[in-house]
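Structural overview for review
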There are 2 protein chains.
Amino acid sequence: MKNYITHDDWCIIEEGFHEANNEISESLMSLGNGRMGQRGNFEEHYSGKTLLGNYVAGVYFPDKTRVGWWKNGYPNYFAKVLNACNWVGIDVKIGEETLDLNKCLIQQFTRTLNMKEGTLDRKVTLTLPGGGAIQLHSTRFCSMADDRGAAIRYSITLLDFDEIVTITPYLDGNIRNRDSNYEETFWNELHRETSFSEGHLILETKPNPYGVEQFQVATGMRFNIRINDLATDYQSLPIRNEKYVGGAVTLDLRAGQEMTLYKYAVNLAATDGDTDKLLESAKTYLDRITGKGFSQMLAEHQAAWARKWEFNDIVIEGDKAAQQGIRFNIFHLQQTYTGEDETLNIGPKGFTGEKYGGSTYWDTEAYCIPFYLSTAESGVARNLLIYRYKHLQKAIENAQKLGFTGGAALYPMVTMNGEECHNEWEITFEEIHRNGAIAFAIYDYTRYTGDESYVSQYGIEVLIAISRFWKQRVNWSTQKGKYVMLGVTGPNEYENNVNNNWYTNYIAVWTLKYTLEVINNLWEKDSARLNDVIFKTNFDLNGEMGDWRHIIDHMYFPYDDAKRVFLQQQGFLDKHLMTVEDITPERPINQNWSWDRILRSCFIKQADVLQGIYLFEEDFQQDEIRRNFDFYEPMTVHESSLSPCVHAILAAGLGLKEKAYEMYLRTARLDLDDYNNDTEDGLHITSMAGTWMSVVKGFAGQRVRQGLLSLKPYLPEQWSRYSFRIGFRGSLLSVEVTQNTVEVHNISQQDLTLMVGDERIFVAGGASETVSL
Amino acid sequence: MKNYITHDDWCIIEEGFHEANNEISESLMSLGNGRMGQRGNFEEHYSGKTLLGNYVAGVYFPDKTRVGWWKNGYPNYFAKVLNACNWVGIDVKIGEETLDLNKCLIQQFTRTLNMKEGTLDRKVTLTLPGGGAIQLHSTRFCSMADDRGAAIRYSITLLDFDEIVTITPYLDGNIRNRDSNYEETFWNELHRETSFSEGHLILETKPNPYGVEQFQVATGMRFNIRINDLATDYQSLPIRNEKYVGGAVTLDLRAGQEMTLYKYAVNLAATDGDTDKLLESAKTYLDRITGKGFSQMLAEHQAAWARKWEFNDIVIEGDKAAQQGIRFNIFHLQQTYTGEDETLNIGPKGFTGEKYGGSTYWDTEAYCIPFYLSTAESGVARNLLIYRYKHLQKAIENAQKLGFTGGAALYPMVTMNGEECHNEWEITFEEIHRNGAIAFAIYDYTRYTGDESYVSQYGIEVLIAISRFWKQRVNWSTQKGKYVMLGVTGPNEYENNVNNNWYTNYIAVWTLKYTLEVINNLWEKDSARLNDVIFKTNFDLNGEMGDWRHIIDHMYFPYDDAKRVFLQQQGFLDKHLMTVEDITPERPINQNWSWDRILRSCFIKQADVLQGIYLFEEDFQQDEIRRNFDFYEPMTVHESSLSPCVHAILAAGLGLKEKAYEMYLRTARLDLDDYNNDTEDGLHITSMAGTWMSVVKGFAGQRVRQGLLSLKPYLPEQWSRYSFRIGFRGSLLSVEVTQNTVEVHNISQQDLTLMVGDERIFVAGGASETVSL
């Protein structure tokens, strides 16, 4: 755990340069706009600890699957998130000396991520190794208004000496992934050109043997230089090397003069290989953004961020760390996915690192969709559902590869394009609960939006295919006289290949029930559409539905009669049961224990049973929830970043306010305080949605019940007040919670009736209602 | 399954060139002498399908561990069996044309592995692409008498034309492993030299970051040429390239003249890097073997093989395929391991291929030791035990890495030097039954040889360390009121991470019992030695022994009361039980089913419970054995080459003669007939010991009971007679079985009393006794 970031309402501030934490700061201060993203790397050369990262949404490389021993059914490739062309680079030479903060005496250093405006700012005062003080000030952003564009303002002032300064903005495609083998590179150059104050590179991902499309990315830059904010004449010497273009500008700077470089960049990705067209598009795009200029671009970008915050800000009073933490999470979620492109999704590291391959995990359905449902137009969540709908055929093929038949679908654990690209049998083949989460998201969307068109137009096909999978994945145990599900891994990845994982069995049965309900509804409301679906999916209405009902009625759920708790899996009670407190100095166990020991222990990465109770809360009595919470919480080590939020929400619902707050704290500043000692690899983007849920679904008790938005808020005692904004079916609310009141302000024009506690209240458009707590 | 090898008592014959099967033939016709080995590759260039393989015992490369996601406790490296310098190569140019069988019209082709004499012979008549018939005849062997030496006699006759012929014997270190990544090579050159008719290379394995020693291998050759068996004058043009030395000899050959090249080679391995000394040793060695010349070398080699066959031949009459099969297995076992070097062991592919890393698996203890106990001097098996004794400290460190303490040892699943080098969690960390097999081998050795010195001098330390492991590896299940062992993989690798694997629990308890017995014996017989052991191992005599007794008395064994069978693991009966016949067209399932499906199915790679019953036969009643056999056999797919022999032995003991023979057939010609469609990768060396066991322990019912050799032979009805030779405590017997009699001939000078059936018989040295069946 680290604690070097200055607490602030709107900014992430590194005051004084923390060299040892530089890669952490780079992760924290990543910028993105849904199309591209960039770690908080310095523009100028830096020889110290740094992880360069430039990412373009949707671009990946199908790397060799690396395994000890091949197992039938493994995918051929692993979708590697690629470090792309470095467009932020600016080399600075002062006299004969290349500016490198690692070699200077740093007098003053502030790096600030301004989350309100989406900008990264750095102010440095330093003394060069050979003497001479200079000041450096850079500001950059990836435009939310022009999402292929970005801009940097980079100023150098020689404070106490005159010198020849050479400044070289460049584009560099000679980059590697840190996780690659044998110094491999993944990009080839297709085109390179420079002209005065301008440069272009078109890079293409290397060919692969798996039939995966190659990506071309055109990166362009244009720059100009001003002295003391006045236009100046300068020469630009073009530099062209393999996968590199730069323009070197040499200026004779006087002490006190501020030289400012404006660098505009564009990143355009394509897959059709038409280099000329791509180059032309990139130039046109550059024309447009340089036409606006830095100030206007920035203003439009700030305005776009203002609109986002309008929809989803959370204000916490009385706890600056909490305020900063929650905004940090909302900020990164918003810059990772904007919902504008249904082919994109939310990678676990977003644009902040290269670790983990692929872009889509079950995190999207279980964690991110609830966030976007409440904080963005419904089209954003819908696009995330459409993404899976478009991959249905590939999910069916994936299941076929494993031996399933008749249109059964198993969605991939990790994917870019619908194909599985993860290769550990215990996860790839066994962590099949993901199928359930994908089904649940359809229900969740429908429940939240009231929009039934998605499920009948698209979702029903996905539900049938997943139900077919569950049907084939269970088998009848003669011994138990029940259906069992053997060989699965639940969300708790600290158990592998278990039998009758309670959560997986539960969500499987739930899927079957929901699919039956959807079919029956459609039968009543639109039998023509149902007939189309039956025809399209070759559905045996009576036979398949009968089979599903039989499974629903005869599924085995492990349960302990003495403790009266659901068992995470069959045989769980054979373990040596301990609590997390027994092993405190050895945590995190995933860094201190062998895998063998972790697997055999009772300790839980994230608690399956509680995840199930969270999703299907209404199926359980309060005392039942409490018993299971009390049984599993003490054994849960929360070493999945997705874990604490679920416990926070359940604890809040059970009135365990202290526990709820403790859990909230673990998620809120997970990356900011580097809880898991891995922020340097990038941020835990998808779990950030869980933090938001801890507040809105936890402290504020947000649910949808009988089609109504329902809130049951309370104020954590550590705070003096909090408010959040959520949208619901066309209304936009600002909800403010104090110790004794909750004020619901309908800031949209659309009236809304909602539940606050047990009270049904009506809030007209533009009006406010206050309820006592 | 293939059937192109001519059935013959003593030879493996490929009549006519089977190009498509060339890699299979190369595997089958591999030669070795315990120190080095060579696949049956052609000497001359061949552009068709071929897997070049030259192996030097004990030499390996610590390759990068390749896994999807790292797990704590994984070893850093994977010990790759290295393809070493090619010493058999002879290039032949006829006129301007390089001789390449892939480009010629082959008129006649015979490749013969003579197992009696240990030679590989090839006779070819062919027409060159440009016309002209030639005859080629080569004979080679890796000397059993001079085990760093080998020799080749290689003749060419131009049948119907005169031509300039250039023959270039060479050494080539520019070789790769087929399984390597990215065209990697693993050898650097340290030294290269040539002189007239001589060449030397010293290669060194590339450096590695794991602190593993680098190996230097000196390969030398000397050659001479004769025409029509007469000395001739010739020039040798030295060729020196990176990692290559050759000597080109150009001769003007007349039609009908036979040109014969004698090539002598030496392979010397070292690790101390003293190149000069190594070179000198190699030259001295070459001097010695070339001093003998081809004929004498061959004669000594044949004599060494004759001595081996004297000890271990099995004669089968009435079934040539069976006769060939059993000798094939004995032959390869003998050339893989000679027992002369206690640092060596028996790799799963021996010197016949590069697949699988490492040299030592539990196969050695469970399969090979019983073979060598009966067919070689007792020192051979003892050296295999000493090998493990020397690795005890590393096994303790390996266990520590996983979290075990207090001198508990977990031997590696796969190793070269005592360090674990396998990296799949479900095997590396969970297939811990190997520890039991290592303990059992100590018992087995002592039981067979009657030599108690090993267990008291060495074995006891190994037993204590393994018992300590079992003690920590179990845990008390409050629910069961028993000890349980969670998260293991049994010998049946088609189940992973199961709880209470019956076999593992059984062998664990057996180890504890045996260790107690050994300690108690030593207490009585040599308490001073016991005190040394107690001091050395820091043994808490009462405490630890008490703990072990408690586990012995309270271990949980899964059992089904209705079926009255031991359950392979807890929960096994939840599976959908089928028999192998239900899935016949889909076999082998490891090639036709996804891993997911295999894991969930009831099908068994090799049957754990039966393996346990085989090892601990005397603990069970016949009807109990029969019930378990009848339950598990029909579900066993025998996709481990180690499986059928155990079933053969049990079936024979149960009087299920047809089943016993069926099982024998699956193992006897596994590689010869390419049953598993993988012989091209190399032979299944360790399972060959199982074939021998099928005959001697199966059909002949060989056991040791109360210190006496015991036989219960019968004649399979497919045979008219069989005989085998086994040694027992200084006596050497030839046992001949016909339908009605068994004749025991004591061909040693030492008298022996043994059991035949229920009869105790005395056979004086040199005498024979016949017993009716």
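Here's what I pulled together on the structure shown here. (Residues numbered from 1 in each chain as written. Chains lettered and ligands numbered in written order. Predicted model: local features only at pLDDT ≥ 70, side-chain atom pairs only at ≥ 80, totals over all residues. Heavy atoms only, no water.)

As a further point, take the pairing of strand 10 (residues 105-114) of chain B. Residues and elements named next belong to chain B. Here strand 2 (residues 11-15) runs beside strand 10; their pairing, made up of five bridges, is antiparallel. Its bridge partner being in strand 10, isoleucine 13 is matched across the sheet by threonine 112. Judged from the nine bridges that link them, strand 10 and strand 11 (residues 119-127) form a sheet pairing that is antiparallel. Bridge pairing links leucine 113 to leucine 120 in strand 11. Between the antiparallel neighbours strand 10 and strand 11 lie four residues, among them glycine 118 with a positive phi of about 70°. (Pairing = 2+ DSSP bridges. Helix = DSSP H or I, 4+ residues; strand = E, 2+ residues; numbered from the N terminus.)

Moving on to the side chain of aspartate 444 of chain B. Along the chain, the position of aspartate 444 of chain B falls in helix 8 (residues 433-449). Excluding its chain neighbours within four sequence positions, the residues that come into contact with aspartate 444 of chain B are Pro370 and Leu373 of chain B. (Contact = heavy atoms within 4.5 Å.)

Right, let's get into the environment of aspartate 608 of chain B. Residues and elements named next belong to chain B. Residue placement: aspartate 608 occurs in helix 15 (residues 608-615). In this structure aspartate 608 comes out as buried when scored by relative accessible area, which is 1%. Along the chain, aspartate 608 and tyrosine 503 lie 105 residues apart, while their C-alpha atoms are 5.6 Å from each other. Each residue touching aspartate 608, except ones within four places of it in the same chain, is listed here: Gly490, Pro491, Asn492, Asn501, Tyr503 and Gln568. (Buried < 20%, exposed > 50% of the residue type's maximum accessible area, 1.4 Å probe, protein only.)

Residues and elements named next belong to chain A. Here the bond from arginine 587 into proline 588 is cis, since omega is -5°, no more than 30 degrees from zero. As for its position among the elements, proline 588 is in the loop between strand 26 (565-566) and helix 13 (589-592). Despite not being glycine, asparagine 538 shows a phi value in the positive range, around 55°. Here asparagine 538 lies in the loop between helix 11 (527-537) and helix 12 (541-554). Take asparagine 538: its relative accessible area is 66%, and that puts it in the exposed class.

We now examine the interface of chain A and chain B. Contacts between chain A and chain B engage 52 residues on the former and 52 residues on the latter. Buried area between chain A and chain B, summed over both chains or domains, comes out near 4400 Å², and the portion from carbon and sulfur atoms is 49%. Between the two partners, chain A and chain B, sit eight salt bridges. Between lysine 71 of chain B and glutamate 424 of chain A there is a salt bridge, and its shortest N-O distance comes to 2.6 Å. Connecting chain A to chain B are 24 residue pairs in polar contact (both at pLDDT 80 or more). Of all the secondary structure elements, the ones that give two or more residues to the side of chain A that touches chain B are helix 6 (392-402), helix 7 (425-428), helix 9 (453-473), strand 23 (475-477), helix 13 and helix 14 (595-600) of chain A. A class-by-class count of the residues in the side of chain A that touches chain B yields 17 nonpolar, 19 polar and 16 charged. (Buried area = accessible area lost by both parts, 1.4 Å probe. Salt bridge = Lys/Arg side-chain N within 4 Å of Asp/Glu carboxyl O. Polar contact = N/O pair within 3.5 Å; in protein donor to acceptor, adjacent residues only side chain to side chain. Nonpolar A, V, L, I, M, F, W, Y, C, P; charged D, E, K, R; others polar.)

In this section: the relation of the copies chain A and chain B. Take chain A, turn it by 180°, move it 0.0 Å along the axis, and it overlays chain B with an RMSD of 0.1 Å. The operation mapping one copy onto its partner corresponds to a two-fold rotation axis. Interface residue correspondence from chain A to chain B reaches 100%, placing this contact among same-surface, isologous pairings. (Least-squares fit on C-alpha atoms with pLDDT ≥ 70 in both.)

Paired through backbone hydrogen bonds, the strands of a sheet run either parallel or antiparallel to each other. Residues and elements named next belong to chain A. One open sheet holds the three strands; their spatial order is 3-4-5, and the pairing between them is antiparallel. A strand with exactly one partner marks an edge of an open sheet, and here the two such strands are strand 3 (31-32) and strand 5 (54-56). Of the pairings in the sheet, the one linking strand 3 to strand 4 (residues 36-38) comprises two bridges and is antiparallel in character. Counterpart to leucine 31 in the pairing with strand 4 is glutamine 38.

Taken as a whole and judged by the stated rule, the model has 115 aromatic pairs over all chains. Consider the rings of phenylalanine 42 of chain B and phenylalanine 109 of chain B, whose centres lie 6.1 Å apart with planes at 55°: the pair is tilted. With a gap of 67 residues between them, phenylalanine 42 of chain B in the loop between strand 4 (36-38) and strand 5 (54-56) and phenylalanine 109 of chain B in strand 10 connect regions that are remote in the sequence. Look at phenylalanine 109 of chain B and you get buried, because its relative accessible area is 1%. Members of the aromatic cluster, each reached through a chain of ring pairs, are Phe440, Tyr443, Trp502, Tyr506, Trp510, Tyr514, Phe557, Tyr559, Phe566, Phe616 and Phe620 of chain A. Above the face of the tryptophan 10 of chain A ring, arginine 327 of chain A is positioned so that its terminal group lies 3.6 Å from the ring centre. Above the plane of the ring of tryptophan 595 of chain A lies lysine 71 of chain B, whose end atom (NZ or CZ) is 5.1 Å from the centre. (Phe/Tyr/Trp six-rings, centres within 6.5 Å; stacked < 30°, edge-to-face > 60°. Lys NZ or Arg CZ within 6 Å of the ring centre and 35° of its normal.)

Glancing now at a negative patch on the surface. All names here are of chain A. On the surface, a cluster of negative charge is made up of Asp272, Asp274, Asp276 and Glu280. In this fold, glutamate 280 is placed in helix 2 (residues 275-312). Classification of glutamate 280 as exposed rests on a relative accessible area of 54%. (Patch = residues over 30% accessible without salt bridge, like charges linked within 9 Å, V, L, I, M, F, W, Y side chains within 5 Å. Areas by Shrake-Rupley, 256 points an atom, 1.4 Å probe, with all protein chains shown as cover. Lys, Arg positive; Asp, Glu negative; His and termini not counted. Charge placed at Lys NZ, Arg CZ, Asp CG, Glu CD.)

Moving on to the sheet that holds strand 9 (residues 97-98) of chain B. All names here are of chain B. Pairing within the open sheet is antiparallel, and its five strands lie in the order 9-8-14-20-19. Two strands bound the open sheet, and with one partner strand each, they are strand 9 and strand 19 (237-241). Bridge analysis of strand 19 against strand 20 (residues 244-253) gives five bridges, and the strand direction is antiparallel. Residue pairing across strands places asparagine 241 opposite tyrosine 244, the latter belonging to strand 20.

What the rule picks out here adds up to zero disulfides over all chains. In this structure cysteine 421 of chain A is not part of a disulfide, and its nearest cysteine sulfur, from cysteine 368 of chain A, lies 17 Å away. (Disulfide = S-S within 2.5 Å.)

Now for the packing of helix 3 (residues 320-336) of chain A against helix 19 (residues 685-699) of chain A. Residue and element names in this part refer to chain A. One can describe the packing of helix 3 onto helix 19 by two numbers: an axis separation of 9 Å at closest approach and a directional angle of 130°. It follows from the interaxial angle that helix 3 and helix 19 lie oblique. When the axes of helix 3 and helix 19 are compared, the crossing they make is left-handed. Contacts between helix 3 and helix 19 involve Ile326, Phe328, Asn329, Ile330, His332, Leu333 and Thr336 on the former and, on the latter, Ile685, Met688, Ala689, Thr691, Trp692 and Val695. In the contact of helix 3 with helix 19, the residues fall into nine nonpolar, four polar and no charged. (Axes fitted to C-alpha atoms, helices over the stretch in contact; angles between N-to-C directions. Parallel < 35°, antiparallel > 145°, perpendicular 65-115°, else oblique. Left-handed = near helix turned anticlockwise from the far one by under 90°.)

This part covers the side chain of aspartate 121 of chain B. All names here are of chain B. Checked against the element boundaries, aspartate 121 lands in strand 11. Of the side chains bearing the opposite charge, lysine 123 lies closest to the buried aspartate 121, which forms no salt bridge; the N-O distance is 4.4 Å. A polar atom in the side chain of aspartate 121 sits 3.0 Å from the side chain of histidine 137. Among the polar contacts listed, one links the side chain of aspartate 121 to the side chain of threonine 139, at a separation of 2.8 Å. The contacts of aspartate 121, once residues within four sequence positions are left out, are Thr110, Arg111, Thr112, His137, Ser138 and Thr139.

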